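# Architecture and fold: a report
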Amino acid sequence: MDLRIFTEPQQGASYDTLLTVAKAAEELGFDAFFRSDHYLRMGAGSAVDGLPGPTDAWITLAGLARETRRIRLGTLMTAGTFRLPGVLAIQVAQVDQMSGGRVELGLGAGWFEEEHRAYGIPFPKEKFARLEEQLAIVTGLWETEVGRTFSYEGRHYRLTDSPALPKPAQAKVPVLIGGHGASRTPRLAAQYADEFNIPFASVEDSERQFGRVRAAAQAIGRGPGELVYSNALVVCVGKDDAEVARRAATIGREVEELKANGLAGSPAEVVDKIGRYQAIGASRIYLQVLDLDDLEHLELISSQVQSQLT
């Protein structure tokens, strides 16, 4: 079971804070550092003020690529509404080169309309159809042999005789697709994804969605085992009940709610719940860490949760 650290910088984090967390995650043996791709804090009336303001996902990862050595880097999920697919292919390939081949691309349709209004970003109605074309273009550009060109004629995007450069350092940048959709999402995952991720879902809902993705893969002649299946879950671990309660209060959540909907409680409780996700096919967990100043939390997870899983 791989454990990855997943951050939500739009809630309030500078690049320096993210760098500190990424370096700690690397030193503590976590598999990867991922971040969301948002430009506006979430939670009306929340104590979170969002200061000092948003950071851009791919600029952040470019910086981390040069300041880390082992840990993998990626997004859950890059918003398709923020970037043109040709530009995104260049950005990801460049960051992959900068990292020595440690980048993974999670790509989603984009959904948070308010942040689009706040920063003047168009919010199209047909987001999913655009996402499908974006996936075809990004992967098509990377797969085109050097010396050949790539063209694409879609409803939303058109590329003519692109040199399809630069290439990533990796022969294949892992592509992550995720979500709860019952039909289109599994179909896209089966066609384009190396990993399918379901965010903030119960064991039962995860098992159901994993089954849909496996069936979609089989339907196109792909082995269901070719995909990695993963979950993203909020994490709140403590050595005792008081520490769990303190960490829950810091992020504005209730302990029982966190235990029901995430990974919360003692290390033993969290290990047990991770085992339930593993039993239905998950081999990777993205731990949503909401208090980025609490590095002792990461140390506890590393020493008493991750150690039991490896």
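The rules we used
Residues numbered from 1 in each chain as written. Predicted model: local features only at pLDDT ≥ 70, side-chain atom pairs only at ≥ 80, totals over all residues. Heavy atoms only, no water. Helix = DSSP H or I, 4+ residues; strand = E, 2+ residues; numbered from the N terminus. Rg over C-alpha atoms; globule rule 2.2 N^0.38 Å. Buried < 20%, exposed > 50% of the residue type's maximum accessible area, 1.4 Å probe, protein only. Contact = heavy atoms within 4.5 Å. Areas by Shrake-Rupley, 256 points an atom, 1.4 Å probe, with all protein chains shown as cover. Lys, Arg positive; Asp, Glu negative; His and termini not counted. Charge placed at Lys NZ, Arg CZ, Asp CG, Glu CD. 1 Å grid on protein atoms, 1.4 Å probe; cavity = no way out; pocket = protein on both sides within 12 Å on 5 of 7 lines; lining within 4 Å. Points joined across faces, edges and corners; volume = space filled by probe spheres on them. Nonpolar A, V, L, I, M, F, W, Y, C, P; charged D, E, K, R; others polar. Expected span 1.5 Å × (residues − 1). Salt bridge = Lys/Arg side-chain N within 4 Å of Asp/Glu carboxyl O.

### Overview of the overall build of the protein
Helices and strands together make up the secondary structure of the protein, namely 11 helices and 12 strands. Computed over the C-alpha atoms, the radius of gyration of the protein is 19 Å, within 12% of the 19 Å expected from 2.2 N^0.38 for a compact globule of 310 residues. Over its C-alpha atoms, taken along the principal directions, the protein stretches across nearly 60 × 45 × 40 Å. Taking all 310 residues of the protein together, 54% fall into the buried category. Sequence-distant contacts in the protein: of pairs separated by 6 or more residues, those separated by 24 or more amount to 73%. Surface summary for the protein: the accessible area is close to 13600 Å², and the carbon and sulfur share equals 50%. Mean positive and mean negative side-chain charge positions of the protein (33 and 41 charges, respectively) differ by 5 Å.

### Overview of the environment of Val 270
Positionally, Val 270 belongs in helix 10 (residues 267-279). Those residues in contact with Val 270 that sit more than four places away from it in its chain are Val 237, Leu 263, Ala 264, Gly 265 and Val 305.

### Some remarks on empty space enclosed by the protein
Counted according to the given criterion, the structure contains 1 cavity of 30 Å³ or more. In this model, the largest cavity occupies a volume close to 80 Å³. Lining the largest cavity, in full, are Val 235, Cys 236, Arg 247, Ile 251, Val 289, Leu 290, Asp 291, Asp 294 and His 297. Here the lining of the largest cavity is composed, by residue class, of 5 nonpolar, 1 polar and 3 charged.

### Observations regarding helix 3 (residues 85-99)
Residue pairs spaced three or four apart in an α-helix point in one direction, given the helix's 3.6 residues per turn. With 15 residues, helix 3 should reach 21 Å at 1.5 Å per residue; the first-to-last C-alpha distance of 21 Å fits that figure. Lining the buried residues of helix 3 we find helix 2 (57-67), strand 4 (78-79), strand 5 (103-108) and helix 5 (127-143). Positive backbone phi, at 75 degrees, marks Gly 100, one or two positions downstream of helix 3.

### Re unusual backbone geometry
With the exception of glycine, the majority of residues adopt a negative phi angle, and the majority of peptide bonds are in the trans configuration. Of the consecutive residues Leu 51 and Pro 52, the connecting peptide bond is found in the cis state with omega at 10 degrees. With respect to the element layout, Pro 52 can be found in the loop between strand 2 (32-35) and helix 2. Between Leu 165 and the following residue, Pro 166, the backbone shows a cis peptide bond with an omega angle of 0 degrees. Its location among the elements puts Pro 166 in the loop between strand 7 (158-162) and strand 8 (175-178). Even without being a glycine, Asp 161 presents a positive backbone phi close to 50 degrees. Take Asp 161: its relative accessible area is 52%, and that puts it in the exposed class. Not every positive phi belongs to a glycine, and Ala 164 is a case in point at roughly 55 degrees.

### Brief notes about the pattern of salt bridges
Summed over the entire model, instances satisfying the criterion amount to 21 salt bridges. Among the salt bridges present, the one from Glu 104 reaches Arg 4, with a minimum N-O distance of 2.9 Å. One end of the pair, Glu 104, is in strand 5; the other, Arg 4, is in strand 1 (residues 2-7), and 100 residues separate them in sequence. Exposure remark for Arg 4: the relative accessible area of 1% places this residue in the buried category. Residue Asp 37 pairs with Arg 83 through a salt bridge whose shortest N-O separation is 2.7 Å. Of this pair, Asp 37 sits in the loop between strand 2 and helix 2 while Arg 83 sits in the loop between strand 4 and helix 3, and the two are 46 residues apart along the sequence.

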